[in-house]
Amino acid sequence: MEQTLASAQYFLFLTFTIISLTRPSPTFEAMALTSTRLVIKVVHRDSIHSPYYSKNDNVTNRVERAMKSSILRFTYFQRKVRRSLPDPDFQADILPSVDGSMLFMNISIGQPPVPQFTVMDTGSSLLWIQCLPCKRCSKQFGPIFDPEKSSTYAYLSCNSQFCHYAPRGRCNLLNQCEYNQIYVHGDPSVGILAREQLIFKTSDEGSIAIPDVIFGCSQENGNFKDRQISGVLGLGFKKLSLAAQLGSNFSYCIGSVFDPNYSHNKLILGNGAVLQGDSTPLEVIDGQYYVTLEGISVGEKRLTIDSSIFKRKMWKKSGVIIDSGSATTWLVQQGFEALRNEVQSLLDMWLTRFWYNAWALCYMGTINQDLVGFPAVTFHFARGADLVLDTESLFVQIQPYAFCMAVLPSYAGGDNITTLSLIGLLAQQNYNIAYDIYGKALSFQRIDCELLDD
């Protein structure tokens, strides 16, 4: 009994401790994650620092790609939350793709370390990486991880408690815990759960290793249309997510979303995450993050909106999700129409409408020149927390000569039943968004992301 207890204590020590590796450069420091401020670079899909960057892309290409991705993503959330009762077999997430994802992270896995360029996603929870041997593997930048060559790799047996949390988990003939991550479109990602060392590149060009992270070693990776995905780092809060495993808070700061030269986007892991600014209650439901939106103002004018339309009902068909994977914000009909009507009343007097699609409110002109002096729009959350959107966060330049409001009605997602709303990444840009998981709070701090490097 004492030996078993000692083993369990040792396991917990390893799980929550960052170890040091003997290597001349970069150095890995030994420290507890709970007291560490681990600052990790985040790369936008269209950044010049992204391997997917194309200098032939223009603003129209980038925005159209983001808009299409946002519609697909919101449709997924609608499909997921409209189910009245929990369904253990409904593990579907959004099909990962280069064009359908916005934020990526450079990590390495194993010993010796193998670099990977993974999707960062707060809307999903499973961390998985492509592994050899592969039945079907997507083409990726850099080598595919070979677990047989890593001295720190260990698969999870079927009697592991974590095997119970695997998406559509089952035991194979080798007593390995298999998972089957299905997607809304395309074939699933299939593999085995394992433990491995993850290495993060920090903002100061150093690196830090975290041992014994549970991940999906994916050997069959679905019908991914662009065949370039190496893995997904889920920051949702189901049992197998990285945030849940580390038992830590996290925050991210994203600067100008459509500026390819911006290089200060970052994720901060551990209890050193910056939890400053306005704070509002945070609920974690089925791995997603819910907040309580109470109202919207345009300038000093508080719009006439019944705050109950944003409340999450017990049967999970409504509420407000905050998400890092959708560029646009989505509002339930009454909230959207109140905001749209007020914006129209201000802009129709001097700008000409532009047709983009049936839902978007668009005008001829440019944001920088034609919206000088336009009042800020404020989203008011419970406990007095405010998220203030300037013109660069409320509107998006879809053509060199036309812009649209980056807020869409929830019915544009194709579901007239759910009353779900979603706060997208454009609304969050130039803020540090901090997730205090155990304190059940979300903080908004308006800041230049470059200041968080220190």
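Here is what the cut-offs are and how they apply
- Residues numbered from 1 in each chain as written.
- Predicted model: local features only at pLDDT ≥ 70, side-chain atom pairs only at ≥ 80, totals over all residues.
- Heavy atoms only, no water.
- UniProt positions renumbered as here; feature names shortened; annotations may be inferred.
- Core = buried A, V, L, I, M, F, W, Y, C linked by side-chain atoms within 4.5 Å.
- Buried < 20%, exposed > 50% of the residue type's maximum accessible area, 1.4 Å probe, protein only.
- Helix = DSSP H or I, 4+ residues; strand = E, 2+ residues; numbered from the N terminus.
- Contact = heavy atoms within 4.5 Å.
- Disulfide = S-S within 2.5 Å.
- Salt bridge = Lys/Arg side-chain N within 4 Å of Asp/Glu carboxyl O.
- Pairing = 2+ DSSP bridges.
- Axes fitted to C-alpha atoms, helices over the stretch in contact; angles between N-to-C directions.
- Expected span 1.5 Å × (residues − 1).
- Phe/Tyr/Trp six-rings, centres within 6.5 Å; stacked < 30°, edge-to-face > 60°.
- Polar contact = N/O pair within 3.5 Å; in protein donor to acceptor, adjacent residues only side chain to side chain.

- As recorded by an unreviewed UniProt entry, the protein chain carries the name Aspartic proteinase CDR1 and is attributed to Theobroma cacao.
- Heading Sequence similarities (unreviewed entry) of the UniProt record for the protein chain holds this comment: "Belongs to the peptidase A1 family."

## Let's talk about the nonpolar core
Link 1 in the chain: Ranked by internal contacts, the top residues of the largest apolar core, which has 106 residues, are F200 and L339.
Link 2 in the chain: For this core, the element with the highest residue contribution is helix α2 (residues 59-81), accounting for 6 residues.
Link 3 in the chain: Counting 17 residues, the second largest nonpolar core, distinct from the first, contains Y52, L156, C163 and V232.

## Let's talk about the environment of V63
Link 1 in the chain: Relative to the elements of secondary structure, V63 occurs in helix α2.
Link 2 in the chain: For the pair formed by V63 and F258, sequence separation is 195 residues and the distance between their alpha carbons is 7.7 Å.
Link 3 in the chain: Those residues in contact with V63, other than ones at most four positions away along the chain, are F258, V396, Q397 and I398.

## Points about the environment of W350
Link 1 in the chain: Looking at where W350 falls in the secondary structure, it is placed in the loop between α4 (333-347) and β23 (362-364).
Link 2 in the chain: Classification of W350 by relative accessible area gives partly exposed; the value is 49%.
Link 3 in the chain: Sequence-wise, W350 and D370 are 20 residues apart; in three dimensions their C-alpha atoms are separated by 9.3 Å.

## Structural notes on the state of the cysteines
Link 1 in the chain: Applying the stated criterion across every chain yields a total of 5 disulfides.
Link 2 in the chain: Residue C131 pairs covalently with C217 via a disulfide, S to S 2.1 Å. An S-S torsion of about -120° defines the bridge between C131 and C217 as left-handed. Residue C131 is located in the loop between β7 (128-130) and β8 (154-155), and its partner C217 is located in strand β12 (residues 207-221); the two are separated by 86 residues in the primary sequence.
Link 3 in the chain: The side chain of C362 participates in a disulfide bridge whose partner is C404; the two sulfur atoms lie 1.9 Å from each other. On the sign convention where negative means left-handed, the S-S torsion of about 95° between C362 and C404 marks this disulfide as right-handed. Placement of C362 in strand β23 and of C404 in strand β27 (residues 402-405) is noted, with a sequence separation of 42 residues between them.

## Observations concerning the pattern of salt bridges
Link 1 in the chain: Under the counting rule described, the total for this entry stands at 4 salt bridges.
Link 2 in the chain: Put simply, R170 and E178 hold a salt bridge, and the shortest N to O gap is 3.0 Å.
Link 3 in the chain: A salt bridge links E342 to K301; its shortest N-O distance comes to 2.9 Å. Taken together, the residues span a long stretch of sequence, with E342 in helix α4 and K301 in strand β20 (residues 301-302) at a distance of 41 residues.

## Some points on the sheet that holds strand β16 (residues 278-281)
Link 1 in the chain: Within the open sheet, the 6 strands sit side by side as β3-β15-β14-β30-β31-β16. Their pairing is antiparallel. Of all strands in the sheet, those with a lone pairing partner are β3 (38-41) and β16, marking the two edges. Between one strand axis and the next, the sheet turns through 20° on average, direction left out of account.
Link 2 in the chain: Pairing between strand β14 (residues 250-254) and strand β30 (residues 431-436): 5 bridges, direction antiparallel. Counterpart to Y252 in the pairing with β30 is I433.

## Observations concerning the pairing of strand β6 (residues 114-121)
Link 1 in the chain: Most of β6 sits inside the fold, with 7 of its 8 residues counted as buried.
Link 2 in the chain: Bridge count for strand β5 (residues 103-109) against β6 is 6 bridges, and the pairing is antiparallel. Counterpart to S108 in the pairing with β6 is P115.
Link 3 in the chain: In this structure, the hairpin formed by β5 and β6 is closed by a connection of 4 residues, where G110 is found at a positive phi of approximately 90°.
Link 4 in the chain: Across 3 bridges, the pairing between β6 and strand β13 (residues 231-234) is parallel. The residue bridging M120 from the neighbouring strand is L233, located in β13.

## As for unusual backbone geometry
Link 1 in the chain: Each neighbour pair has its own omega, and for Q111 with P112 the value is 5°, a cis peptide bond.
Link 2 in the chain: Cis geometry marks the peptide bond from L132 to P133, where omega comes out at -5°.
Link 3 in the chain: When you line up the elements, P133 lands in the loop between β7 and β8.
Link 4 in the chain: Positioned with a positive phi, D212 is a non-glycine residue whose angle comes to about 55°.
Link 5 in the chain: Mapping D212 onto the fold places it in strand β12.

## Let's talk about α4
Link 1 in the chain: Its 15 residues place the ends of α4 21 Å apart at the C-alpha level, agreeing with the 21 Å of an ideal helix rising 1.5 Å per residue.
Link 2 in the chain: By the burial criterion, the buried members of α4 are G335, F336, A338, L339, E342, V343, Q344 and L347.

## Examining the packing of aromatic side chains
Link 1 in the chain: One pass over the full model with this rule turns up 13 aromatic pairs.
Link 2 in the chain: Measuring from centroid to centroid gives 6.5 Å for Y153 and F215, while their planes differ by 75°, and the two rings are edge-to-face. Placement of the pair is Y153 in the loop between β7 and β8 and F215 in strand β12, with a sequence separation of 62 residues.
Link 3 in the chain: Classification of F215 by relative accessible area gives buried; the value is 1%.
Link 4 in the chain: Taken together, a centroid distance of 6.1 Å and an interplanar angle of 65° make the contact between F250 and Y289 edge-to-face. Here F250, found in strand β14, pairs with Y289, found in strand β18 (residues 288-291); they are 39 residues apart in sequence, far enough to count as distant.

## Quick notes on the side chain of Q397
Link 1 in the chain: In this structure, Q397 sits in strand β26 (residues 395-399).
Link 2 in the chain: Residue Q397 is classed as buried on the basis of its relative accessible area, which comes to 16%.
Link 3 in the chain: A polar contact of 2.9 Å, which involves the side chain of Q397, links it to the backbone oxygen of G365.
Link 4 in the chain: Apart from residues lying up to four places away in sequence, Q397 is in contact with V59, V63, G365, T366, I367, A402 and F403.

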